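# A look at the structure
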Amino acid sequence: MSLEGLLAFPLTTFTADLELDLDAYADHLESHLAADVGALFVACGTGEFSALSPDELRAVLRRAREVVAGRVPIWVGAGGGPAQARSGVAMARAEGADGVLLLPPYLVSGPQSGLVDHVRFALRDNDIPAIVYHRTPGVFGPDAAVRLLGIPSVVGIKDGFGDVDLMTRIVTAIRAAGGEDFLFFNGLPTAEVSARAYRAIGVTRYSSAVHCFVPEIAGRFHRALRDGEDAVADRLLTDFYLPLVALRDETPGFAVSLVKAGARLRGQKVGGVRPPLGEPSASQLERLERIVAGGLDALAEVG
């Protein structure tokens, strides 16, 4: 299992009345592919997994496979309660996905042993590769994370919790337990901001929601990080990523809403967000437009 390069998390496109728009979805996927991605993770967090019905998830995955036609791997979100997660995993396998991102259990919390059992239950009788999303309410300690090595289809952990100390202990414990090929991902919102810190502890892969609306900035930052171009990374952080995060943090749910708004600003027909997410105000949209312009100006100067 190898997931290299920039990992993109496409938006799920809706019509004006918030129904699926699969033709617009095909165009959105093509925009990602044109910008050279390593893999597509469809119907995950940025793709509003929690807002989609099982039939919609299936439709999104089917259209993605039609459009991509084997050019890059396609992973799909699965999760919710244990039965729903298991059903989603089975659907992903039946529809030909390359893997699943297993999201945390829905609404309830349990002991560490329960979290491991949840993963085991969701993946039972299915051999499709799975990445476990490590975030509230599914936060694993090092011992529980090591136990994931005993579930053959689990190939990695994506961290959306944001505790670098904890993630350091998880990475170290899994490597010491023989998980040399186990994959680790930085899955924090606007992951580029924390990418250098995670890279220092051996977590080099990250998800880029920014790729949905300014893939040229996302790609240049990824290359700068890979090649040690600190001055380029600093410039893009200063002029684009940090102002974007400041705006994102003003309103709950803006990790998705702002991304969709940015895609609309750049001419993509992605529609709005389903509730309970909310849309940016007119003044926030104006600020977002200035942030995008500033980022593109910085990109032109750094080359």
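For the structure, check the block above.
The present account deals with the structure reproduced in this document.

### So, the pairing of strand S8 (residues 205–208)
Residues Arg205 and Ser207 point to one face of S8 and Tyr206 and Ser208 to the other, with burial holding for every one of them. As paired strands, strand S1 (residues 7–8) and S8 are joined by two bridges and run parallel to one another. When the sheet's bridge partners are listed, Leu7 is paired in S8 with Ser207. Relative to S8, strand S7 (residues 183–186) is paired through two bridges, and the arrangement is parallel. Considered in S8, the bridge of Phe185 is made with Arg205.

### Brief notes about the packing of aromatic side chains
Scanning all chains against the criterion turns up six aromatic pairs. An angle of 10 degrees between the planes, with centres 4.7 Å apart, marks the rings of Phe9 and Phe41 as stacked. Within this pair, whereas Phe9 is found in the loop between S1 and helix H1 (22–34), its partner Phe41 is found in strand S2 (residues 39–42), the two being separated by 32 residues in sequence. Here Phe9 matches Phe41 in class, with each residue buried. Members of the aromatic cluster, joined through ring pairs, are Phe213, Phe221, Phe240 and Tyr241. Looking at Arg86, its charged tip hangs above the ring of Phe121, at a distance of 4.9 Å from the centre. Residue placement shows Lys158 over the ring face of Tyr133; its charged tip is 4.7 Å from the ring centre.

### A few points about helix H2 (residues 54–68)
Taking 1.5 Å of rise per residue, 15 residues should cover 21 Å, and H2 covers 21 Å from first to last C-alpha, within 8% of that figure. As for H2, its buried residues are in contact with H1, S2, strand S3 (74–78) and helix H3 (82–94). With its phi angle positive at about 50 degrees, Ala69 sits one or two positions after the end of H2.

### Overview of the packing of H3 against helix H4 (residues 112–123)
Between H3 and H4, whose axes approach to 7 Å, the crossing angle comes to 40 degrees. When the axes of H3 and H4 are compared, the pair comes out oblique. For the crossing formed where H3 meets H4, the hand is right-handed. Contacts between H3 and H4 pair Pro82, Ala83, Ala85, Arg86 and Val89 from the former with His118, Phe121, Ala122 and Leu123 from the latter. Residues of the contact of H3 with H4, tallied by class, amount to seven nonpolar, one polar and one charged.

### Things to note about the packing of helix H9 (residues 230–248) against helix H11 (residues 282–302)
For the pair H9 and H11, the least separation of the axes is 9 Å and the interaxial angle reads 175 degrees. Relative to H11, H9 is oriented roughly antiparallel. Judged by residue contacts, Val232, Arg235, Leu236, Asp239, Phe240, Pro243, Leu244 and Leu247 of H9 engage Gln284, Arg287, Leu288, Ile291, Val292, Gly294, Gly295, Ala298, Leu299, Glu301 and Val302 from H11. The residue inventory of the contact of H9 with H11, partitioned by class, reads 12 nonpolar, three polar and four charged.

Calculation criteria
- Residues numbered from 1 in each chain as written.
- Predicted model: local features only at pLDDT ≥ 70, side-chain atom pairs only at ≥ 80, totals over all residues.
- Heavy atoms only, no water.
- Buried < 20%, exposed > 50% of the residue type's maximum accessible area, 1.4 Å probe, protein only.
- Helix = DSSP H or I, 4+ residues; strand = E, 2+ residues; numbered from the N terminus.
- Pairing = 2+ DSSP bridges.
- Phe/Tyr/Trp six-rings, centres within 6.5 Å; stacked < 30°, edge-to-face > 60°.
- Lys NZ or Arg CZ within 6 Å of the ring centre and 35° of its normal.
- Expected span 1.5 Å × (residues − 1).
- Contact = heavy atoms within 4.5 Å.
- Axes fitted to C-alpha atoms, helices over the stretch in contact; angles between N-to-C directions.
- Parallel < 35°, antiparallel > 145°, perpendicular 65-115°, else oblique.
- Left-handed = near helix turned anticlockwise from the far one by under 90°.
- Nonpolar A, V, L, I, M, F, W, Y, C, P; charged D, E, K, R; others polar.

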